[in-house]
Every structure is written in C-alpha cells, then in structure tokens.
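Architecture and fold: a report
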Amino acid sequence: MKRYRNYKAKKLKLPRRIIFFVIIGVAITVFTVILGNILRDKLEKADIDTSEILSEPEQKPNQDQQNNKEEESASHNKDLAKVLAGCMDLTLGEDKTAPDAYSVIEGIKNDGYNAVSFCVFDEGGKIAYASPALEEYTRLPSSEKLIPYDTLRSAIEKARNSGLRSSAVFTVSESSTDELIIRELCSIGFDEIVIRGFEKHTRLDNELVSQINGYILSVREIAQDRIDIGICFEKELYMTPSNAPYIEKIYDKANFLAIDFSLISPEDASAACADLQGSFSAYLMRPLIKWGDEESSASLKEALANCQITALQYIFVPNILQDTE
C-alpha cells in the first residue's frame, strides 16, 4: 500500500508543474502584447522627420588642412620632357644698345626651339638685367651694362605670343634679395624657374632634402603655383645609388629635375645618359648645356639625340659686369 501511495503522489506533481509553466507563459505573452500596443501607440503619435537625408555641409578648411598643402605633391607634366630651350642672349652691344627682342625670339624659333632660356645671373654671380626691385631695395641705379628691364620683359612677351615657353635659370644665394628677384621673374611672365646652386652636393640626406624642399615650397608660395620649378644637380649625384630615395622626395615637390652638362664632353654625356636612361624619363630630367661654339654644341646635342634624350636647355651669359664693382 505504501508503494501505491507514493506512486500516486508523484503522478499528481506532474500536472501542477505543467500548470505553473502554462501560467508563466500566458503572463509573459499578455505582458508582451500590452507592451507592444503601448509602444506602437507612442510610435504612431511621434513626430518623425521622414524627409531625405542630406549630405553633410561643406566644412571650411581648418589650419591642419591648410598645412597639408605643404605635403601635396607637385604636378608632373610630361610635356616638360620635350622642352628644347635655346639661349636668349640679350646682352648689350659695344655701343651699349640692346638687341631687338623680337628679332632674338624669332631667331630662336626659326632654329627649331620650342622654348627660350635666360640666365638671371652672369658668370660672376651678379644679376644680368636691370632689376627695378633691386634698385628700390638698394636705392642704387643699375649699371648701364645690364640688360634693360623693358628689353627682357618684351622678349618674354614676344616668346609667349610666339608659342615659346620661357625658362629663367636662377642661382640660389643666402641673400634676402632672392625673394625679390623671384617675385619679379614671376611678374615678368616666365613659365618656369630652374634653380641652381645645389650642384656642389654629391650626397643627399634628410637634412639637405628638407632644406631643398623648403626652398622649392618658398618659391612656389611666392609664385602662387603660376610657374613650374626645376632643381639642377650634377650627374654624380644621380649616379650614386644611395641618393635614389632622397631624389624621389625632391622630385615629389619639384615639377621636374635637371642635370648639369655645362662642362662635359659628348663622350661623357653619352656614357651618363646610358647609365641614367631610366632617370631621364622618371624625373622629366633636362640636361643644361653651356652655350659655346656651334660645333661643340652641335656635337653634344647629337650625343643626346643618339641616347633618345630630346630635352635640353642652353645656358650662357657672358660676364658682363667684370669691369664693374
């Protein structure tokens, strides 16, 4: 009998558990339905903006964005690798008269050049033209032996009207007058400036690259991006493998690079071009050749052509101030 009562008790416990869970389930269901109705009622009464989501308003550039301009790379126009610049000699004759600027430009164009090259300084490192900016700065008149400012300006205007590119060859100095002259060259209307003065360096490092790039950026700021900027180095610098990553950093800021071939034989030029074939195309590199007698100039030009180098720029200004202080 005892065993029968225990069995009956256990049977009775099972329905109670089921009833308990059923009650809990019903309660949860009722609660969920009530809560859902409440939330739906609030949602229907809520004032929701269903209009199209507009894009964020344009933000004004902050200081960080302006500083980032200094980090921007320079543009690299492939046409710069096709510049063939003839030497624009505007020096005065023995009678101190300036040559006709129009005739000089026409002569350069008729010789097959697509650009004119003008050296801002003479071989003695002094300015080659009568600069109004320097006259105002020094409060001294320019030498009568200098190329008249109006002659230079007229020549550049004629070059532009004739479809010729104008290139100023500028040598850096530690003088505060660099900015004055560069600003004046921009106002004259030059299309580009080739910066010399770093040729003495044959090895580059971070400090020197920072100095060179700083100079490029300062010129670009003065010119307000209206001119292209090139930097000239000796061939030894380009041929040193350890300089390659530093050259890349400089080219990132300059529009093109140049190589000094002013004191080189046709044979050495051919050898250098063969070794640096990739660099000429990669950096839009332009040889700077010293204008001399026609025979030597023609031989050097032929040597470059044989190496498939089509760009070059002649540089030469006589030492017009050698007799003056």
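See the structure printed just above.
Residues numbered from 1 in each chain as written. Predicted model: local features only at pLDDT ≥ 70, side-chain atom pairs only at ≥ 80, totals over all residues. Heavy atoms only, no water.

Details of the pattern of salt bridges
Under the criterion given, the structure shown has 13 salt bridges. Across the salt bridge formed by Glu106 and Lys158, the nearest N and O atoms sit 3.0 Å from each other. Taken as a pair, Glu106 in helix H3 (residues 101-110) and Lys158 in helix H5 (residues 149-161) lie far apart in primary sequence, 52 residues in all. What makes Glu106 partly exposed here is its relative accessible area of 29%. Judged by relative accessible area, which is 16%, Lys158 ranks as buried. (Salt bridge = Lys/Arg side-chain N within 4 Å of Asp/Glu carboxyl O. Helix = DSSP H or I, 4+ residues; strand = E, 2+ residues; numbered from the N terminus. Buried < 20%, exposed > 50% of the residue type's maximum accessible area, 1.4 Å probe, protein only.)

Some thoughts on the layout of surface pockets
Taken as a whole, the largest pocket spans an internal volume of roughly 600 Å³. If you go around the largest pocket, you meet 30 residues; those closest to its centre are Phe121, Asp122, Glu123, Thr171 and Arg196. Going through the elements one at a time, strand S3 (165-171), helix H6 (178-188) and helix H8 (235-238) are the ones with two or more residues in the lining of the largest pocket. (1 Å grid on protein atoms, 1.4 Å probe; cavity = no way out; pocket = protein on both sides within 12 Å on 5 of 7 lines; lining within 4 Å. Points joined across faces, edges and corners; volume = space filled by probe spheres on them.)

Topic: the pairing of strand S2 (residues 115-119)
With five of five residues buried, S2 lies mostly within the body of the structure. Both faces of S2 are covered, namely the face carrying Ala115, Ser117 and Cys119 and the face carrying Val116 and Phe118. Here strand S1 (residues 84-87) runs beside S2; their pairing, made up of three bridges, is parallel. Residue pairing across strands places Gly86 opposite Val116, the latter belonging to S2. (Pairing = 2+ DSSP bridges.)

Description of the nonpolar core
Counting 82 residues, the largest nonpolar core has Met88, Val120, Tyr129, Leu185, Ile231 and Phe261 as its most contacted members. When residues of this core are assigned to their parent elements, the largest contribution, eight residues, is made by helix H7 (residues 206-223). Not counting the four nearest positions on each side in its chain, Val120 is found in contact with Lys126, Ile127, Ala128, Tyr129, Ala168, Val169, Phe170, Ile181 and Leu185. (Core = buried A, V, L, I, M, F, W, Y, C linked by side-chain atoms within 4.5 Å. Contact = heavy atoms within 4.5 Å.)

Re the packing of aromatic side chains
Counted under the stated rule, the structure contains eight aromatic pairs. With centroids separated by 6.3 Å and ring planes inclined at 25°, the aromatic side chains of Phe118 and Phe190 adopt a geometry described as stacked. You can see Phe118 sitting in strand S2 and its partner Phe190 sitting in the loop between H6 and strand S4 (192-196), a full 72 residues away along the chain. Just as Phe118 is buried, Phe190 falls in that class too. Aromatic rings pair up to connect Tyr113, Trp291 and Tyr314 into one cluster. Cation over ring: Arg286 sits above Phe256, and NZ or CZ is 4.3 Å from the ring centre. (Phe/Tyr/Trp six-rings, centres within 6.5 Å; stacked < 30°, edge-to-face > 60°. Lys NZ or Arg CZ within 6 Å of the ring centre and 35° of its normal.)

The quantities given are spatial measurements derived from coordinates; they are silent on function.
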